[in-house]
Each structure stands twice: as structure tokens, then as C-alpha cells.
Amino acid sequence: MFFLEELGVEPNLYIWTVRTLRELGLKPSRRLGQSFTVNPAILRDFAGLCSNLSRDRCVEIGTGLGVVTYILSKCCRRVISIEKDPRLYEFSRKLLSRYSNIEIIHGDALELLHKLEPKTVAGTVPYSITGPLLGAIASSTAEKVAIVLQKDVVDRLLAKHGSRRYGSITVLMQTFFKIHKVNVYPPKYFYPEPEVSSAMVEMTRVREVPNNMEEYEKFLKCLFSYRRKTLRNALARCCRRVDEDIYSFLDSSKRVFHLPPEDILDIFRRCI
Ligand code: SAH
């Protein structure tokens, strides 16, 4: 691919990745979710979303060896990429130093994301932090998100109410984003291979972050710890006081997991 040649990465991304890691003496860390993109199809899919992302600054989670960073730098006016591993930070900073619209930051994405006030969040993210990262993205200023996650998690984000996978993370993300699955990737598209398939998801914000976001997250966690209980039973445990009006339009004997996100948000606003 033309862009990998410009970067000095030889045509075969897999060979380049394995060799570079070996030269760096870097054994990929599972704890840091290090699985590097070795199939250009993923890069092509990011490039395909370019026109949706190009407004303003992009924040990338998990620079790795910098190949996704490079693609994003062709899409976004400015890319700020966060990498926790000091060796990968040093390497990618050198590799990408000639691109003036790329800035690599050494640190923890979970701590830095909010401070960077992103408009766009992108990347093939470390699977070790998917849960908290989605929460951080939801409560951030991000309006557009294009990330690669475990396919199983993407399926949960897209789950319909009443289904097995429908849970608190589904409701949280569906409350704030329109969600679209872009593509699915087998484990062999990464090195080392993760245990599960992956998928790219594109999310567009449809609702601003409320002041009481933390309470909403807590409420969802509480509610879904009683996912098979009736609404009345669950609310007795998750709200101090319930505005009884809600039962005029919601059946109190409905189970929690049967309620669509709009109803759950409505209930949250009426429970004190
Ligand atoms: N985007 C690259 C790397 C994916 S692997 C690629 O597609 O090839 C995930 C990367 O996230 C690794 O480089 C890992 O070191 C980094 N990482 C792990 N935890 C992180 C955290 N909390 N904050 C920022 N980066 C992190």
C-alpha cells in the first residue's frame, strides 16, 4: 500500500511488525493488550472513514508501532496519540517525527482522554481496558468514534433490548451514540493473534453528556445487576424514591432487560 511505503514500512506489514518488535527486543505484553495490526484491510477501513473524522483533532488510543496513527494523520487535521509503553512511545515518536500534525503522548489513555477534550476518538485499542475506555469515551467530549474492539463487545454495543447480550454497557453507549458496525476481522489480522475476533465500530454522538453522568452510570450498573427482575423490584433497589407516574406509561412487571434505552433514560430522570 502506498502509504506504508512512504513510512518506510516494507510492503509486508506482518513481516515488518515481527521484525521491528524483535529489533526492539519487545515481547508483546498481554497485560497492555498488545496485538498489532498486521493486515492492511484494517488500515483501509480507517481510511474509508476519513471524511467522517476529518473535523478537528483526533485522539488515538494505543499508538503501538504507529501505523494506525499514520493513517489517521492523513484524515485528521491533527492527531494526538496516547501510548502507555515507553518503548513503543519512543519508537513511534521517531518513526513519525517528520509528520508535523502528529503528536505522541506517553501516558495512560484512561487518565488523559478527558483532559485532551477530543472531538474524535480512534484506534485499535488495547482490549485489556475496553470496559473502562468505553465509559471514558461516553463521558468525554467525543462526537465521533472509530475504534476496533473485541467483536463480542461490539455485538453487545449493538444488542437489542430483550436479547441475551443487552446490558448496562449497551444502554450506556446507545443512550449517547448512534452505533454502526463497519467490519469484522479474524484474529490473524493481528500479531500476536488475540483469542477472539475483532470488529471496527463507528459511533456518532446523539446526546450531550449530562451533569449527572456518574449517577447515570451507577444507576445502569445497579439496574442491570437485576436484569431479570421486574422494573418495580429493580427500582426499589436502585432509586431512593420513584416517581409513581412512570408506571402510568411503563408496565411495572416488565423485566429490566426488556426496556429500550429511551425508557431507561426516562426512568432515571424520574428516580431520585
Ligand atoms: N494501534 C496499534 C497498537 C494496538 S495494541 C496497532 O493497531 O498496531 C494496543 C496498544 O495500546 C499497545 O501499543 C499498548 O501498549 C497500548 N496501551 C495499552 N494500555 C494503554 C493505556 N492504558 N493507554 C494508552 N495506551 C495503552
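Computed from a prediction, not measured in an experiment: that's the story for all the values here.

## Observations regarding a positive patch on the surface
A contiguous patch of positive charge on the surface is contributed by Arg 228, Lys 229, Arg 237 and Arg 255. Structurally, Arg 228 can be placed in the loop between helix H11 (213-224) and helix H12 (231-238). According to the relative accessible area criterion, Arg 228 is exposed, its value standing at 55%.

## Here's the deal with the side chain of Ser 198
Tracing the backbone through its elements, the reader meets Ser 198 in strand S9 (residues 198-205). Residue Ser 198 is classed as buried on the basis of its relative accessible area, which comes to 0%. Side chain to side chain, Ser 198 and Tyr 127 meet in a polar contact 2.5 Å long. Once you skip the residues sitting within four places of it in the chain, Ser 198 turns out to touch Tyr 127, Val 148, Leu 149, Gln 150, Lys 151, Asn 183, Val 184, Tyr 185 and Phe 190.

## Remarks on the site of the ligand
Neighbouring the ligand are 22 residues, the closest being Thr 37, Gly 62, Glu 83, Ala 109 and Thr 124. Within the contact set of the ligand, an oxygen atom lies 2.4 Å away from a side-chain nitrogen or oxygen of Thr 124. Where the shell around the ligand is concerned, the elements lending two or more residues are strand S1 (36-37) and strand S3 (78-83).

## Looking at the side chain of Asp 155
Secondary-structure assignment places Asp 155 in helix H9 (residues 151-157). Within the structure, the side chain of Asp 155 is placed 2.7 Å from the side chain of Lys 151, a separation counted as a polar contact. Among all residues touching Asp 155, those that are not within four sequence positions of it are Arg 165 and Lys 181.

## A look at the domain arrangement of the protein
Per the domain assignment, the segments of the protein are domain 1 (2-205) and domain 2 (213-271). Taking only C-alpha atoms, the centre of domain 1 and the centre of domain 2 are 34 Å apart. Contacts between the two partners involve 15 residues from domain 1, matched on the other side by 14 residues from domain 2. Buried surface at the junction of domain 1 and domain 2, both sides included, amounts to about 1200 Å², of which 71% is carbon and sulfur. Looking at the side of domain 1 facing domain 2, the largest losses of area belong to Tyr 166, Ser 168 and Val 171, adding up to 37% of the total buried there. Applying the counting rule to domain 1 against domain 2 returns zero salt bridges. Counting every contact that joins domain 1 to domain 2 gives six residue pairs in polar contact (both at pLDDT 80 or more). For the side of domain 1 that touches domain 2, the secondary structure elements donating two or more residues are helix H8 (130-138) and helix H10 (168-176). Here the side of domain 1 that touches domain 2 takes six residues from H10, the largest share from any one element.

## Focus on the environment of Ile 105
Its location among the elements puts Ile 105 in strand S4 (residues 102-106). Spatially, the C-alpha atoms of Ile 105 and Ser 81 are 6.0 Å apart, while their sequence positions differ by 24 residues. Setting aside anything within four residues of it in sequence, one finds Ile 105 in contact with Ile 80, Ser 81, Ile 82, Glu 83, Tyr 89, Leu 112 and Leu 116.

## Things to note about the packing of aromatic side chains
Applying the stated criterion to the full structure yields eight aromatic pairs. Seen in terms of ring centroids, Tyr 166 and Phe 224 are 5.8 Å apart; in terms of plane orientation they differ by 70 degrees. Their pairing is edge-to-face. Within this pair, whereas Tyr 166 is found in the loop between H9 and H10, its partner Phe 224 is found in helix H11, the two being separated by 58 residues in sequence. Classification of Tyr 166 as buried rests on a relative accessible area of 1%. With relative accessibility at 10%, the residue Phe 224 sits in the buried group. One aromatic cluster is present, formed by Phe 176, Tyr 216, Phe 219 and Phe 268 through successive ring pairs. Above the face of the Tyr 247 ring, Arg 232 is positioned so that its terminal group lies 4.2 Å from the ring centre.

What counts as what
- Here the residue numbers are simple positions, counted from 1 along each chain's written sequence.
- Given that this is a predicted model, residues contribute local features only at a pLDDT of at least 70 and side-chain atom pairs are listed and counted only at 80 or more, while totals for whole chains, interfaces and linings are drawn from all residues.
- Note that water and hydrogens are dropped before the side-chain values are worked out from all heavy atoms of the structure.
- Residues qualify for a patch when their relative accessible area is over 30% and they have no salt bridge, like charges being joined within 9 Å and the nonpolar side chains of Val, Leu, Ile, Met, Phe, Trp and Tyr within 5 Å.
- Each accessible area is a Shrake-Rupley estimate made with a 1.4 Å probe; only the visible protein chains count as cover when residues are assessed.
- Salt bridges, as used here, are contacts in which a Lys or Arg side-chain nitrogen is within 4 Å of a carboxyl oxygen on Asp or Glu.
- Only four residue types enter the charge count, namely Lys and Arg as positive and Asp and Glu as negative; His and the chain termini do not.
- To locate a charge, take NZ of a lysine, CZ of an arginine, CG of an aspartate or CD of a glutamate.
- The helix and strand labels rest on DSSP assignments: H or I over at least four residues marks a helix, E over at least two residues marks a strand, and numbering proceeds from the N terminus.
- For every residue, the accessible area obtained with a 1.4 Å probe (protein chains only) is divided by the maximum for its type, and the residue is called buried under 20%, exposed over 50%, and partly exposed between those limits.
- Under the rule applied, a polar contact is a pair of N or O atoms within 3.5 Å (in protein, one hydrogen donor and one hydrogen acceptor; residues adjacent in sequence only if both atoms are side-chain atoms).
- Only heavy atoms matter for contacts: two residues are in contact if any of them lie within 4.5 Å across the pair.
- We call a residue near a molecule or strand whenever a single non-hydrogen atom of that residue lies within 4 Å of it.
- Where each domain begins and ends is defined by an automated method or by a domain database.
- Once two parts are brought into contact, the accessible area they lose, counted with a 1.4 Å probe and summed over both, makes up the buried area.
- A pair of aromatic rings is counted whenever rings of Phe, Tyr or Trp (Trp by its six-membered ring) have centres within 6.5 Å, and the orientation is called stacked for planes under 30 degrees apart, edge-to-face for over 60 and tilted otherwise.
- Distance and angle both matter: a charge sits over a ring if NZ of Lys or CZ of Arg is within 6 Å of the ring centre and within 35 degrees of the ring normal.

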